[in-house]
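The lines below spell out each chain.
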Amino acid sequence: MKNPDVFPTITTERLILREITEADLEWYMRHFSLPEIVDSTGFPGPKDMAVAREELESYILKPFRESTGIRWGITLKGSDELIGSCGFYKWEHEPHRRIEVGYDLHPVHWGKGIMKEAMKAVIDYGFVNMGLNRISLMAFSFNKRSTAFARRMGFVREGVLRENAFFRGRFYDDEYFAMVRSDWESLRNSEG
Ligand SMILES: CC(C)(COP(=O)(O)OP(=O)(O)OC[C@H]1O[C@@H](n2cnc3c(N)ncnc32)[C@H](O)[C@@H]1OP(=O)(O)O)[C@@H](O)C(=O)NCCC(=O)NCCS
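The residue numbering used here restarts from 1 in each chain and proceeds along that chain's sequence as written. Residue-level local features of this predicted model are given only where pLDDT is at least 70; pairs of side-chain atoms are given and counted only at 80 or more, and the full residue set underlies all totals for whole chains, interfaces and linings. Based on all heavy atoms of the structure, the side-chain values leave hydrogens and waters out of the count.

(A) Looking closely at the sheet that holds strand S5 (residues 98–105). Strand order in this open sheet of eight strands is S1-S2-S3-S4-S5-S6-S8-S7, and the pairing throughout is mixed. Each end of this open sheet is capped by a strand with a single partner; those strands are strand S1 (10–11) and strand S7 (156–167). Pairing of strand S4 (residues 82–92) with S5, which is carried by seven bridges, proceeds in the antiparallel orientation. Bridge pairing in S5 links Ser 85 to Asp 104. Any two residues whose heavy atoms approach within 4.5 Å at even a single point are treated as in contact. Between the N-to-C directions of two axes lies an angle of 0 to 180 degrees, each axis being a line fitted to C-alpha atoms and, for a helix, fitted only over the stretch in contact. Under the scheme used here, helices are H or I runs from DSSP no shorter than 4 residues and strands are E runs no shorter than 2 residues, and both carry numbers assigned from the N terminus. Along the sheet face, helix H4 (residues 114–129) touches S1, strand S2 (15–18), strand S3 (70–76), S4, S5, strand S6 (134–140) and strand S8 (170–180) and points at about 30° away from the line of S4. For two strands to pair, DSSP has to find at least two bridges joining them.

Put into structure tokens, the structure is as follows:
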């Protein structure tokens, strides 16, 4: 299975999940430098525009081209302004059909169910269009918003990776979650 030639825009009730392009470089720099995003992902923001350009290429543009991942930019209907992103990386194709997922929303939009709406569509896309069998997710143990979010989305906690991440001079535990195809099927069936 490969990504399609044309980026698959997704429309939900309130959102349009669109392609992120080089024209979004300034947004990339700003968004991934937000203290709330840096503190919760442990991913240090790009130090300048040159680094931002390299990251945009290696984390967003190249994975789509090479079918190793796919990341959507989140916009509210009626505006093309990006308010966050979410999507897949580390796509392992046949026979494993597994992938990892990540998400980040501008803090002014937290607490409105926006990421839930976006991720529901993205998860459905993964199981339906990419033929995935397993989606996994890792979050710092202290990132309670993200671990609560993972549970709300129906991810199952599989354990803790002790001192898995080094960030700002010390080690942190990671919580490890996954949703497998059968979880997803039961979830969507129970939603009617
Ligand atoms: C993790 C993150 C995406 C969660 O965002 P969020 O807005 O809390 O998550 P949701 O979209 O599920 O919104 C749920 C909240 O909106 C509320 N809400 C309001 N309207 C809603 C609606 N229509 N539908 C669903 N929930 C709604 C819910 O009650 C809930 O509020 P609560 O947390 O106070 O109980 C966000 O905090 C974030 O981007 N954090 C920084 C990046 C990060 O941590 N990334 C993950 C690294 S592993």
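(B) Quick look at the side chain of Ser 136. Tracing the chain through its elements places Ser 136 in strand S6. The exposure class assigned to Ser 136 is buried, which follows from its relative accessible area of 4%. Contact partners of Ser 136, with chain neighbours within four places excluded, come to Ile 99, Glu 100, Val 101, Tyr 176, Phe 177 and Ala 178. Whether a residue is buried, partly exposed or exposed follows from its accessible area with a 1.4 Å probe, protein chains only, as a fraction of its type maximum: under 20%, in between, or over 50%, in that order.

(C) Quick peek at the packing of aromatic side chains. Ring pairs are drawn from Phe, Tyr and Trp, using the six-membered ring of Trp, whenever the two centres fall within 6.5 Å, and their geometry is named by plane angle: stacked under 30 degrees, edge-to-face over 60, tilted for the rest. Summed over the entire model, instances satisfying the criterion amount to 16 aromatic pairs. Between Phe 7 and Phe 64, the aromatic rings sit 5.1 Å apart at their centres with planes inclined by 55°, giving tilted as the arrangement. In this pair, Phe 7 is assigned in the segment before S1 and Phe 64 in helix H3 (residues 49–65), connecting sequence segments 57 residues apart. Between Phe 167 and Tyr 172 the ring centres are 6.4 Å apart and the planes differ by 55°, which places this aromatic pair in the tilted class. By way of ring pairs, the aromatic residues Phe 7, Phe 64, Trp 72, Phe 88 and Tyr 125 are connected into one cluster. As a reminder, the over-ring test applies to NZ of lysine and CZ of arginine, requiring each to be within 6 Å of the ring centre and within 35 degrees of the ring normal. We note Arg 170 situated over the ring of Tyr 172; from NZ or CZ to the ring centre the distance is 4.1 Å.

(D) Region of the structure containing the packing of H4 against helix H5 (residues 144–153). As a packed pair, H4 and H5 sit with axes 11 Å apart at the nearest point and diverge in direction by 50°. In this view, H4 runs oblique relative to H5, as classed from their interaxial angle. Regarding H4 and H5, the two cross each other, and that crossing is right-handed. For the pair formed by H4 and H5, the contact residues are Met 115, Lys 116, Met 119, Lys 120 and Ile 123 on the first element and Phe 149, Arg 152 and Met 153 on the second. Any residue outside Ala, Val, Leu, Ile, Met, Phe, Trp, Tyr, Cys, Pro, Asp, Glu, Lys and Arg is labelled polar, Gly included; the first ten of those are nonpolar and the last four are charged. The residue inventory of the contact of H4 with H5, partitioned by class, reads five nonpolar, no polar and three charged. Any angle that is under 35 degrees is reported as roughly parallel, and any over 145 degrees as roughly antiparallel; angles of 65 to 115 degrees are reported as roughly perpendicular and all others as oblique. Take the far helix as the reference: if the near one is turned anticlockwise from it by less than a right angle, the crossing is left-handed, and if turned clockwise, right-handed.

(E) The site of the ligand, seen in detail. We call a residue near a molecule or strand as soon as one heavy atom of that residue lies within 4 Å of the molecule or strand. Neighbouring the ligand are 20 residues; Tyr 103, Leu 105, Gly 111, Asn 143 and Arg 152 lie closest to it. At 2.8 Å from an oxygen atom of the ligand is found a main-chain nitrogen or oxygen belonging to Leu 105. What qualifies as a polar contact is a pair of N or O atoms within 3.5 Å, subject to a donor-acceptor requirement within protein and to the restriction that residues adjacent in sequence count only when both atoms come from side chains. Ile 114 places a main-chain nitrogen or oxygen 3.3 Å from an oxygen atom of the ligand. Working definition of accessibility: Shrake-Rupley area with a 1.4 Å probe, residue cover restricted to the visible protein chains. Coverage of the ligand by the protein amounts to 70% of the 950 Å² it exposes when considered alone. Here a cavity is any set of points on a 1 Å grid over the protein atoms alone where a 1.4 Å probe fits but cannot get out, and a pocket is any open set with protein on both sides within 12 Å along at least 5 of 7 lines; a residue lines the site when it has an atom within 4 Å of a point. Grid points define the cavity or pocket, and a molecule sits in it when more than half of its atoms lie within 2 Å of them. Most atoms of the ligand, that is more than half of them, are within 2 Å of grid points of the largest pocket. At the level of secondary structure, the elements contributing two or more residues to the shell around the ligand comprise helix H2 (35–41), S5, H4, S6 and H5. Of the residues that constitute the shell around the ligand, the class distribution is eight nonpolar, six polar and six charged.

(F) Focus on H3. A bend of about 40° at Glu 57 is the largest found in H3. Along H3, the positions that sit buried rather than exposed are Ala 52, Glu 55, Leu 56, Ile 60, Leu 61, Pro 63 and Phe 64. With a side-chain oxygen lying 3.1 Å from the backbone nitrogen of Ala 50, the N-terminal cap of H3 falls on Asp 48. Note on H3: the residue one or two positions beyond its end, Ser 67, has a positive phi of about 55°. A residue's bend is given by the angle between axes fitted to the 7 residues ending at it and the 7 residues starting at it.

(G) Quick look at the side chain of Thr 75. Within the secondary structure, Thr 75 sits in strand S3. With a relative accessible area of 3%, Thr 75 lands in the buried category. Here the side chain of Thr 75 touches Ile 16 through a polar contact of 2.8 Å, landing on its backbone oxygen.

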